[in-house]
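# Examination of the molecular architecture
The residues making up each chain are set out below.
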Amino acid sequence: MNTAGSGAHVALTQLTKSYGRTEVLRGLNLALGPGVVGLLGPNGAGKTTLLKLLATALAPTSGTLEVLGRNPADAADRLEIRRRLGYVPQEVGLYENFTVYEFVDYIAILKEQTDRAARRADVCRVLAAVDLEDVRSKKIRKLSGGMRRRVALAQSLLGDPQLLVLDEPTVGLDPEQRLRFRQIVSQHAERRCVVLSTHMTEDVEALCERVVVMDHGAIIFDGTPAGLAALASGKVWLAPAADPNALMSWRTGDGRHRNVGDAPVGVHLAEPTVQDGYLVLNGRVLAVSSA
Amino acid sequence: MRRDLTECSDTELVSLIADEHRDALAELYRRHAGWVLARLRYRCADDGMVAEALQDTFVAVWKGARSYDRRGAVGGWLWGIAIRRLIGLLRKRRPIPVARCDDDVAMVSAEELVLAGTEHGALAGAMRSLSPELRAVVQATVLDGLTTREASQLLNIPTGTVKTRMMRAKVELRGALV
Amino acid sequence: MNAETTWHIDSASAQRYARHTIDEVTAASVEAHVSACGSCAAAVSAAVEETHEGLLDNVWAKVDELLDAPRVGVIERSVRSVGCSPATARVIAATGRAQWSCLSAVALSLTLAVFASTTGDDAAFALFLLFAPIGPLVATAVAFERFGEPVESLLRTVPTALWTIALVRSAAAVVPSIVLTALSIPILNERGWLALAWMLPSFALSVAALALSNWMRPGQSALVVTLIWMSLPVVARLQAETVLDAMAGTAQLTSIAVVLAAGTVFVTRRPTFDYRGFS
């Protein structure tokens, strides 16, 4: 479990970000160390903004932010952070006319890899990691969405960064690609910190040692995936039909209905998943905010 | 959708190469670069030049895969590229003898192609009876499919000599096959 | 004619061929066969690889490298020829088509300059002088919007400062216009130097847009600057002079002032250029 302290890769204290009068992040407190951290939450929760702050693409409005032990507000520190950073933005923007190799090579140049031989080796390494070596001479505009995501992922791995910030990296990937992505990330995360935001609780379950749930700019859960799932223990049951009192219910593959919420007495309880825990958490949050 | 490239035919590989798949080029290289290299070395003793010709060949394959017309085997197409690259490199070293314009037409007729198709047979034995310089000309024009000018470049003899030797070789071969 | 020959190369022959210990005639047979038969070709290649592995690997490495080498276009080559580092040249070239739109905007302005200087019509000339400076500015803005969101958010996180990229791109837009203008001086007649009166304002507009992009997106800053520039006829009327006189006098002086002021702003705000408060 990641702990706070000066050894942390990322440390936030009362971090706030506002656009005009809209507060997008409210007083966040968080400390992250090595390993994979999943950021869960609905659209508008502030995940993308938080990730941009971590990637030094944005400045906070107030509070303190420490990335890799340095302060991004200081120009020299910011440069050092960026030298050890890899970032995949939510909207993958690429130069259409470049080939895969040319684009990743270009980003490598921007990452100050001036030695040609070393740069070539690094570009080939990251292309191999995301399995794009075969198509590296293809122009980007000829690639599918999943391949473009992999190009974006490849550039983030250049220079073996200590902090990897990934904004919804598995959108548009098919199951095989998502599996491969998990392999790449867990390999990379061994001594490094990876923060990724996702809508898919399966990604969190499979990949993250820690999960942070956000809603409306605040952190509503910070713990392990098992801990999140445990929030739903005793609250998930299977029944022949959807229970109208359940928070949510849906039909499963075997014809029964999975219900999440306050379980009636005597039902057949099911093992809760991260998704169930997430639903319960949100249900509670919704209940609180509507009160 | 990963295909096992080792199961693709040569023609399929070339299509994949035309579609910009680098792994397909690597597989084609694995299958063919060896014999192309060896065959070039039988024509030119300069290892550096042979390596350069081989390199140019596969770069040309990558760039020109779309121009492969599927007539004839991929091996023949590759060899055509390779031998012409080698001749180009040789040309840079030695000056071209002035020649007439029909020197650029391929010398080999259909009849001679038939002769070439007989691997182990009368031709082989007949070839044995030719003198080395006649054999070299037959090899260049029949086996390698070169024009007079190209053969003269490769063998470093005037084009006139290539023609006279070829005529003598035909006479002797026909005599031997009868 | 046997297309499907039943004879294939045996491994002993393949080995001898690879090692140059084969007789000429069998060699000829091997060669004739290998062009047509894929499996024997692979077998011979394998035999050759045993004896020449190093050479084959070296050649492949070179082929690989040649095919990977990024394509260097005309713009990149010409930029490098004037002494730019390869990395900077790549940054300039990365705007691709936008650079050509910039160059064509400049070329168009110049053609109009030559044309305008040959007409006697003051009003047409004045109109030209008013619109010409906007050309390179729009081209620069387009160059930026091309790398505005989403590539921009990635470019904010790399060690190479966005500021440097912005400067390099704008210079790449403005410098050709200056060069082309200098080349056209001999063509212009005695209306001559006045036809160049758009040059300094265009430079000022570009620098102003750059400075303003500290606070707003490049597209927006270009728009703001353009609107302010378009107030020139109004200012001229207030000062009771013609647009041409204003261009010759006020506009030139103001441009110098703007270049100095905006340039200072742009340079001094370098540390925060890429760390601004908006998304």
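Residues numbered from 1 in each chain as written. Chains lettered and ligands numbered in written order. Predicted model: local features only at pLDDT ≥ 70, side-chain atom pairs only at ≥ 80, totals over all residues. Heavy atoms only, no water.

### Description of the pairing of strand 11 (residues 248-251) of chain A
A regular strand places its side chains so that they alternate between the two faces of the sheet. Residues and elements named next belong to chain A. For clarity, the threshold we go by: We treat two strands as partners when DSSP finds at least two bridges between them. We count a stretch as a helix when DSSP gives it H or I for four or more residues in a row; a strand needs E for two or more, and each element gets its number in order from the N terminus.
Pairing of strand 11 with strand 12 (residues 257-260) involves four bridges; the strand directions are antiparallel. Bridge pairing in strand 12 places M248 opposite V260. Taking the residues that link successive antiparallel strands as the turn, the strand 11-strand 12 hairpin has five residues, and the phi of G255 there is positive, at about 95°.

### Comments concerning the packing of aromatic side chains
What counts is decided by this rule: Centres within 6.5 Å are what make two rings of Phe, Tyr or Trp a pair, Trp counting through its six-membered ring; a difference in plane orientation under 30 degrees is then read as stacked, over 60 as edge-to-face, and the rest as tilted. To sort residues, take the accessible area from a 1.4 Å probe on protein chains only and compare it with the maximum for the residue type: under 20% means buried, over 50% means exposed, and anything in between is partly exposed. Only when the NZ atom of a Lys or the CZ atom of an Arg is both within 6 Å of the ring centre and within 35 degrees of the ring normal do we say a charge sits over the ring.
Tallied over the entire structure, the rule returns five aromatic pairs over all chains. Considering the side-chain rings of A:F98 and A:Y106, the 5.9 Å spacing of their centres and the 85° angle between planes classify their relative orientation as edge-to-face. This pair shows no difference in class: A:F98 is buried, exactly as A:Y106 is. Summarising the aromatic geometry, the rings of B:Y29 and B:F58 are spaced 4.9 Å apart at their centres and angled 70° between planes, so their arrangement reads as edge-to-face. Highlighted residues: B:Y29 in helix 2 (residues 22-41) and B:F58 in helix 3 (residues 47-64), separated in sequence by 29 residues. Each member of the pair, B:Y29 as well as B:F58, carries the same accessibility label: buried. Aromatic rings pair up to connect B:Y29, B:F58 and C:W60 into one cluster. Positioned above the aromatic ring of B:W62 is the side chain of B:R22, whose terminal nitrogen or guanidinium carbon lies 5.7 Å from the ring centre. Directly above the ring of B:W79 sits B:R39, whose terminal nitrogen or CZ lies 4.1 Å from the centroid.

### Some points on the interface of chain A and chain C
Stated precisely, the cut-off is as follows: Between two residues, a contact is recorded if the distance between any of their heavy atoms is within 4.5 Å. What counts as buried area is the accessible surface, traced by a 1.4 Å probe, that two parts surrender upon association, with contributions from both included. Any carboxyl oxygen of Asp or Glu within 4 Å of a side-chain nitrogen of Lys or Arg constitutes a salt bridge here. As a working rule, the residues Ala, Val, Leu, Ile, Met, Phe, Trp, Tyr, Cys and Pro are called nonpolar, Asp, Glu, Lys and Arg charged, and the rest polar, with Gly in that last group.
Across the contact, 42 residues belong to chain A and 33 residues belong to chain C. Area buried by chain A at its contact with chain C is led by A:R82, A:Y95 and A:L110, which between them contribute 20% of it. Between chain A and chain C we count five salt bridges in total. A salt bridge links A:R136 to C:D68; the nearest nitrogen and oxygen atoms lie 2.9 Å apart. Broken down by element, the residue count for the side of chain A that touches chain C peaks at eight residues, all from helix 3 (residues 100-110) of chain A. Here the residues of the side of chain A that touches chain C sort into 23 nonpolar, six polar and 13 charged.

### As for helix 2 (residues 75-83) of chain A
What counts, and what does not: The arc in question is formed by the directions pointing from the helix axis toward the C-beta atoms.
Taken together, the buried positions of helix 2 of chain A are A:R78, A:I81 and A:R82. Each buried residue of helix 2 of chain A lies within a common arc of 95° when the element is viewed along its axis, so the set occupies one face. Against the buried residues of helix 2 of chain A lie strand 4 (62-67) and strand 5 (85-88) of chain A together with helix 16 (270-273) of chain C.

### Observations regarding the environment of A:H188
Positionally, A:H188 belongs in helix 6 (residues 175-188). With relative accessibility at 10%, the residue A:H188 sits in the buried group.

### Quick notes on the packing of helix 3 of chain A against helix 5 (residues 86-93) of chain C
What counts is decided by this rule: Here, axes are lines fitted to C-alpha atoms. For helices the fit covers the stretch in contact, and angles between N-to-C directions go from 0 to 180 degrees. Every angle not falling under 35 degrees, over 145, or within 65 to 115 is termed oblique; those three ranges are roughly parallel, roughly antiparallel and roughly perpendicular. Crossing handedness is defined as follows: a turn of the near helix away from the far one that is anticlockwise and smaller than a right angle gives a left-handed crossing, while the clockwise case is right-handed.
Closest axis-to-axis distance for the helix 3 of chain A/helix 5 of chain C pair is 10 Å, and the angle between their directions is 125°. Relative to helix 5 of chain C, helix 3 of chain A is oriented oblique. Here helix 3 of chain A runs over helix 5 of chain C; the crossing is left-handed. On helix 5 of chain C, the residues touching A:E102, A:Y106, A:I109 and A:L110 of helix 3 of chain A are C:A87, C:R90 and C:V91.

### What to know about the state of the cysteines
Which entries qualify depends on this criterion: We call a pair of cysteine sulfur atoms a disulfide whenever their separation is within 2.5 Å.
A complete count under the given rule lists zero disulfides over all chains for this structure. Unpaired in this structure, C:C37 has its nearest cysteine sulfur neighbour in C:C40, at a distance of 3.7 Å.

### Description of the nonpolar core
Selection rule: Side-chain atoms within 4.5 Å are what join buried Ala, Val, Leu, Ile, Met, Phe, Trp, Tyr and Cys residues into a set we call a nonpolar core.
Counting residues in hydrophobic clusters, the biggest one holds 89 residues, and the most contacted among them are A:F103 and A:L166. Element by element, the count of residues in this core is highest for helix 3 of chain A, at eight residues. For A:F103, the contacting residues outside a window of four places in its chain are A:G93, A:L94, A:Y95, A:F98, A:I140, A:V151, A:Q155 and C:L154. Grouped together as the second largest cluster of nonpolar side chains are 79 residues, B:A18, B:V59, B:L130 and B:L146 included.

### Overview of the sheet that holds strand 5 of chain A
Note: strands within a sheet are paired through backbone hydrogen bonds, in either parallel or antiparallel orientation. Residue and element names in this part refer to chain A. Spatial strand order, 5-6-7-3-8-9: six strands in an open sheet with mixed pairing. Looking at strand neighbours, the two that pair on one side only are strand 5 and strand 9 (218-223), the edges of this open sheet. Taking each pair of neighbouring strands and ignoring which way they run, the sheet shows an average axis angle of 15°. Relative to strand 7 (residues 193-198), strand 3 (residues 35-40) runs parallel, the two sharing six bridges. Within strand 7, the position partnered with G35 by the bridge is C193.

### Some thoughts on the confidence of the model for chain B
Residue and element names in this part refer to chain B. Note the threshold: On a scale of 0 to 100, pLDDT captures the predictor's confidence in every residue.
Residue-level pLDDT values for chain B average 80, and 78% of them are 70 or greater. Confidence over residues 96-102 falls short of pLDDT 50; this stretch has ten contacts with residues more than four positions distant or in other chains. Scoring of the predicted complex yields 0.81 for pTM and 0.78 for ipTM.

### Thoughts on the side chain of A:R258
For A:R258, the location among the structural elements is in strand 12. With residues near it in sequence (within four places) discarded, A:R258 still touches A:V236, A:W237, A:L238, A:M248, A:S249, A:W250, A:T252, A:A270, A:E271, A:P272, A:T273 and A:D276.

### A few points about the sheet that holds strand 10 (residues 236-239) of chain A
Spatially, 11-12-10-13 (chain A) is the arrangement adopted by the four strands of the open sheet, whose pairing is antiparallel. Each having just a single partner strand, strand 11 and strand 13 (268-269) of chain A make up the two edges of the open sheet.

### A closer look at the interface of chain B and chain A
In this assembly, eight residues from chain B lie in contact with nine residues from chain A. Between chain B and chain A, roughly 790 Å² of surface is buried when both sides are summed, and carbon and sulfur atoms account for 29% of that area. Taken together, the connections running from chain B to chain A amount to two salt bridges. For B:E20, the salt bridge is made with A:K142, and the minimal N-O distance between the two is 3.2 Å. Top element by residues in the side of chain B that touches chain A is helix 2 of chain B. It accounts for three residues. Residue composition of the side of chain B that touches chain A, by class: two nonpolar, one polar and five charged.

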